[in-house]
Amino acid sequence: MINKETIDRIMDATHIEDVIGEFVSLKKRGANHIGCCPFHNEKTPSFYVSPSKGIFKCFGCGKSGNAVGFLMEHEHYSYPEALRYLARKYNIPIEEEEMTEEQKERQNERDGLFHVSEFAQKYFADLLYNDEMGRAIGLSYFHQRGMSDEIIKTFGLGYCKEGWSDFTDHARRNGYSDLVLEKTGLTIFREDGKVYDRFRGRVMFPIFSISGRVMGFSGRVLSKEKQAAKYVNSPDSEIYNKSHILYGLFQAKNAISKANKCYLVEGNVDVVSMHQSGVCNTVASCGTSLTNEQIRLIKRYTPNVTVLYDGDSAGIKAALRAVNLLFEEGMHVRVVLFPDGEDPDSYAQKYGSTQLQEYLATHEENFVKFKSRVLLDDVQNDPIRKTEVLKEIVQTIALVPDMLERQEYISETAFKLHMSEQVLTQELAKTMAAKAQKAWKEENRRQQQAATQQAPAPQDPGVPPPLMPEEEDYGPATIGPGHTAPTQILPSHNPAEAQEKQLISLLLNFGSRKVTIETLDDNGQEQPAEATIAEVIVDEVCGDELKFDNPVYQTIFDLFSQAVDSQQPLPDANLFAMHEDNMVRNTALSLMINSYTVSKQWYEKKHIAVPCIETHLREDLDQSILTFKQKKVDQLLEANSYRIRESKTPEDTDILMAERKQLTEIRRLLCQKLNRVIV
Ligand SMILES: [Zn+2]
């Protein structure tokens with residue numbers, strides 16, 4: 001919706017160090033700012049921000065990006081939300097592309113619903129402190145549970161009066177329409193014309209969206225009246241869908257990311273209580289049992305979930321259900337069961353926060369252990385039930401990705417069930433084979449579908465494929481948001497790594513700089529001409545049909561080469577900051593932030609005063625290209641001598657020897673040129 005010019009204006013106005021500085025304390029060091037990374041726990045700073053390039057990079061966990069990427073990662077904004085945030089910060093009016101009438105109406109209605117919800121939240125929060133009943137009933141309830149005023153504020157807690165329509169009257173007086181009051185469910189309009197508040201005489205827990213807007217409420221009754229429901233929740237509306245949101249996520253999201261773990265509890269009070277006890281990475285599915293959408297929300301921040309449940313049988317059942325669902329979504333699940341009759345809130349109140357934290361740390365169980373313990377307690381000596389339970393446990397064990405861990409569970413289960421490990425192992429193998437076959441069929445079907453949609457890429461037979469290092473683990477190519485990128489980005493045994501890196505670094509940092517080169521005119525005379533560094537490098541590398549062994553470098557090079565060929569603007573920091581491939585993004589940004597230290601080291605090693613890089617750019621460029629080529633020739637020579645050793649006929653050997661002679665000559669020439677540059 002935001003048009004291109006506005007995006008450009010926002011990006012131009014943005015100072016990345018200000019944006020990140022609001023969340024991380026940064027110190028200036030040289031051209032960069034550094035601080036402790038907000039995405040992983042560290043004591044010594046490895047998080048770099050480059051104001052001139054508008055990018056950040058953590059050398060600890062590998063996260064990198066521009067200001068928009070930072071907000072998306074840290075605040076979990078969507079792309080347009082991040083842009084809007086920056087536009088607000090720098091006072092840039094947003095020019096939206098024309099919305100249709102229908103879209104406008106919808107937008108207005110949604111805004112109206114958000115407004116009245118926010119208005120209601122402020123009203124309820126105010127009553128908690130400034131109304132006699134609010135203080136006597138609501139505030140004293142929260143204070144009794146050990147909740148500080150600060151926590152009450154963080155969660156926007158409030159109180160609503162007992163009367164029939166106090167809130168509705170107040171909202172109407174402030175100009176809110178009956179339509180928005182009805183749509184948010186704050187007011188109930190009866191057919192007989194009677195109007196009354198949905199929430200009466202309750203303590204109020206507002207439910208926030210991920211970006212912190214009030215979407216709905218959950219009200220808890222405090223009186224002992226039997227007929228009143230313990231909790232009343234807002235109905236689903238245009239802005240609120242209870243199966244798509246978790247209570248406390250807005251307040252917990254950063255703690256979840258940082259701890260790389262999420263505690264899942266049953267009720268709102270538990271969430272607030274856990275926060276009060278210093279366990280801030282806690283959320284609850286409020287008003288529903290856990291849904292797949294809610295799990296996917298957690299997954300945006302961490303794959304690790306610990307389910308906290310009451311020790312009664314209903315609690316155990318709920319925990320079992322949640323555990324299965326979480327596992328189906330590929331989460332790493334652990335479980336903590338509280339003693340019978342206790343929940344996180346009551347436990348924290350009885351024993352205090354230190355004890356609660358200690359209990360959580362010591363009572364965490366792996367889900368397989370938890371499940372088999374619970375199921376086995378249930379079996380007693382019923383042989384039919386025993387077989388069923390056995391099958392169920394084995395199916396759960398089959399979900400464990402680690403082989404040794406699976407074996408451990410098999411042994412444990414065998415011991416508990418008094419069975420031979422062999423029988424269980426066979427059962428496990430059968431289950432896993434069925435699973436693998438199903439996955440294989442699925443994959444086959446997917447590939448066939450993809451093949452019919454896409455013609456195969458043409459293969460150029462003339463060019464040998466780039467030498468790909470084998471068995472190198474680059475980590476997953478794309479990693480979901482919120483997850484850590486691999487720290488070691490570059491393949492370690494690429495023999496030409498240093499030379500390739502140097503060239504790519506030049507491209508990234510000085511690609512658009514102009515240098516003077518010698519070209520031949522029509523009469524074969526050398527003439528000086530101007531070219532960009534990118535043009536020179538692309539020309540030299542493509543002219544000799546050279547490739548980068550590191551596939552990430554090759555991708556970066558290709559982007560430059562395409563831009564040069566089509567005379568488009570060269571790829572810049574923003575392009576790489578938003579690049580979909582994490583490896584490309586992290587590598588490019590780290591080379592840009594680490595800008596150009598290689599030649600500095602070279603001068604230092606030779607005990608020559610480090611010159612200003614800018615003035616020696618031309619020499620550095622020549623040297624980098626020549627050493628890159630020299631390394632590539634060395635690689636060809638090495639391959640050549642291997643083939644000579646392996647050659648079967650004298651004819652083959654002759655051809656290979658001739659090739660060797662040629663290569664040696666090229667190498668000699670390269671060295672000659674290189675010496676001229678170096679000395
Ligand atoms: Zn980090």
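Residues numbered from 1 in each chain as written. Predicted model: local features only at pLDDT ≥ 70, side-chain atom pairs only at ≥ 80, totals over all residues. Heavy atoms only, no water.

Peer 1: Tell me about the overall build of the protein chain, and name the residues and values.
Peer 2: Summing up its helical and strand segments, the protein chain has 27 helices and 18 strands in all. Classification of the 679 residues of the protein chain by burial places 45% in the buried group. In the protein chain, once contacts between residues fewer than 6 apart in sequence are set aside, the share between residues at least 24 apart is 63%. Looking at the protein chain as shown, the accessible area adds up to about 36400 Å², and 50% of this sits on carbon and sulfur atoms. (Helix = DSSP H or I, 4+ residues; strand = E, 2+ residues; numbered from the N terminus. Buried < 20%, exposed > 50% of the residue type's maximum accessible area, 1.4 Å probe, protein only. Contact = heavy atoms within 4.5 Å. Areas by Shrake-Rupley, 256 points an atom, 1.4 Å probe, with all protein chains shown as cover.)

Peer 1: Account for the nonpolar core, with residues named and values stated.
Peer 2: The biggest cluster of nonpolar side chains holds 103 residues, and the ones touching the most others in it are Phe 124, Phe 142, Phe 167, Tyr 247 and Leu 360. By residue number, the principal contributor to this core is helix H5 (residues 101-130), which donates 9 residues. Of the domains in this structure, domain 2 (101-240) and domain 3 (252-427) are the two that each give at least three residues to this core. In contact with Tyr 247, not counting residues within four places along its chain, are Phe 155, Leu 157, Phe 205, Pro 206, Ile 207, Asn 268, Val 271, Val 272, Val 283, Ala 284 and Cys 286. Ile 556, Phe 560, Phe 576 and Leu 591 belong to the second-largest nonpolar core, a separate cluster that totals 38 residues. (Core = buried A, V, L, I, M, F, W, Y, C linked by side-chain atoms within 4.5 Å. Domains from an automatic or database assignment.)

Peer 1: How would you explain the packing of aromatic side chains if you had to name every residue and give the values?
Peer 2: Within the structure shown, the criterion is met by 28 aromatic pairs. Their ring planes at 65° and their centres at 6.1 Å tell us that Phe 199 and Phe 217 sit as a pair that is edge-to-face. Here Phe 217 lies in strand S10 (residues 214-221) and Phe 199 lies in the loop between strand S8 (195-197) and strand S9 (202-208), a separation of 18 residues in the sequence. The two residues Phe 199 and Phe 217 agree in class, both being buried. When the ring of Phe 205 is compared with that of Tyr 247, the centres are 6.1 Å apart and the planes differ by 80°; the resulting orientation is edge-to-face. With a gap of 42 residues between them, Phe 205 in strand S9 and Tyr 247 in the loop between strand S11 (231-233) and helix H10 (249-259) connect regions that are remote in the sequence. Note on accessibility: Phe 205 and Tyr 247 belong to one class, buried. An aromatic cluster is defined as three or more aromatic residues linked by ring pairs; in this entry it consists of Phe 119, Tyr 123, Phe 124, Phe 167, Tyr 176, Phe 199 and Phe 217. (Phe/Tyr/Trp six-rings, centres within 6.5 Å; stacked < 30°, edge-to-face > 60°.)

Peer 1: Residues and numbers for the coordination of the zinc ion, please.
Peer 2: Summarising the metal site, the zinc ion is bound by the protein donors Cys 37 (SG), His 40 (ND1), Cys 58 (SG) and Cys 61 (SG), whose distances to it range over 2.1 to 2.3 Å. Considering all 4 donor atoms around the zinc ion, angles at the metal cover 100 to 119° and the coordination shape is tetrahedral. Here the donor residues for the zinc ion map to a single chain with the spacing C-x2-H-x17-C-x2-C. You can see His 40 sitting in the loop between strand S2 (32-35) and strand S3 (47-50) and its partner Cys 58 sitting in strand S4 (residues 55-58), a full 18 residues away along the chain. This pair shows no difference in class: His 40 is buried, exactly as Cys 58 is. (Donors = N, O, S within 2.8 Å, 3.2 Å for Na, K, Ca; no water. Tetrahedral: all angles 85-135°; square planar, octahedral: opposite > 155°, others 65-115°.)

Peer 1: How would you summarise the pairing of S10 if you had to cite specific residues and measurements?
Peer 2: For a regular strand, side chains alternate in direction, first toward one face of the sheet and then toward the other. For S10, a buried count of 8 out of 8 residues is recorded, marking the element as mostly surrounded by other parts of the structure. The pairing of S9 with S10 spans 7 bridges and is antiparallel. Each residue of the ladder has a partner; that of Phe 205, found in S10, is Ser 218. Connecting the antiparallel pair S9 and S10 is a turn made up of 5 residues, with Gly 212 showing a positive phi of about 95°. Sheet topology note: the S10/S11 ladder contains 3 bridges and is antiparallel. Considered in S11, the bridge of Gly 219 is made with Val 232. (Pairing = 2+ DSSP bridges.)

Peer 1: So what's going on with the pattern of salt bridges? Which residues, and what values?
Peer 2: Opposite charge on two side chains lets them pair, provided their charged atoms get close. Within the structure shown, the criterion is met by 20 salt bridges. With its nearest N and O atoms 3.6 Å apart, the salt bridge here joins Asp 236 to Lys 242. Judged by relative accessible area, which is 24%, Lys 242 ranks as partly exposed. Residue Glu 364 is joined to Lys 261 by a salt bridge in which the shortest nitrogen-to-oxygen separation is 2.6 Å. Placement of Glu 364 in the loop between helix H15 (353-362) and strand S16 (365-366) and of Lys 261 in the loop between H10 and strand S12 (262-265) is noted, with a sequence separation of 103 residues between them. A cluster of three or more residues bridged by salt bridges with shared partners is formed by Glu 500, Asp 549 and Lys 632. (Salt bridge = Lys/Arg side-chain N within 4 Å of Asp/Glu carboxyl O.)

Peer 1: Tell me about unusual backbone geometry, and please be specific about residues and values.
Peer 2: One non-glycine residue, Glu 545, lies in the positive phi region at around 50°. If you trace the backbone, Glu 545 turns up in the loop between helix H21 (533-543) and helix H22 (551-565). The backbone of Gln 567 shows a phi angle near 55°, a positive value even though the residue is not glycine. Along the polypeptide, Gln 567 turns up in the loop between H22 and helix H23 (573-577). The class of Gln 567 is exposed, set by a relative accessible area of 72%.

Peer 1: Describe in detail the side chain of Asn 268, supporting the description with residues and values.
Peer 2: Tracing the chain through its elements places Asn 268 in helix H11 (residues 268-276). For Asn 268, a relative accessible area of 3% translates into the label buried. A polar atom in the side chain of Asn 268 sits 3.0 Å from the side chain of Ser 218. Contact partners of Asn 268, with chain neighbours within four places excluded, come to Phe 205, Ser 218, Tyr 231, Tyr 247 and Cys 286. (Polar contact = N/O pair within 3.5 Å; in protein donor to acceptor, adjacent residues only side chain to side chain.)

Peer 1: Any chance you could break down the sheet that holds S2 for me, citing the residues and the numbers?
Peer 2: Strand order in the open sheet formed by 5 strands is S1-S2-S3-S4-S5, and the pairing between neighbours is antiparallel. Two strands in the sheet have a free side with no partner beyond their single neighbour: strand S1 (27-29) and strand S5 (64-66). Going across the sheet, the axis of each strand differs from the next one's by a mean of 25°, ignoring polarity. In terms of strand pairing, S2 meets S3 through 3 bridges, oriented antiparallel. Considered in S3, the bridge of His 33 is made with Val 49. Along the sheet, helix H24 (residues 582-593) makes contact with S2, S3, S4 and S5, crossing S4 at roughly 105°. (Axes fitted to C-alpha atoms, helices over the stretch in contact; angles between N-to-C directions.)

Peer 1: Tell me about the confidence of the model for the protein chain, and please be specific about residues and values.
Peer 2: Averaged over all residues, the pLDDT of the protein chain is 81; the fraction at 70 or higher stands at 87%. The least confident element of the protein chain is helix H25 (residues 598-605), whose mean pLDDT is 53; the most confident is strand S6 (residues 158-160), at 96. Under a pLDDT of 50 for its full length, residues 595-599 has, in the predicted model, 14 contacts with residues more than four places off or in other chains. (pLDDT = per-residue confidence, 0-100.)

Peer 1: Please give an account of the pairing of S3 that cites residues and values.
Peer 2: Across 4 bridges, the pairing between S3 and S4 is antiparallel. For Tyr 48, the partnering residue across the bridge sits in S4 and is Lys 57.

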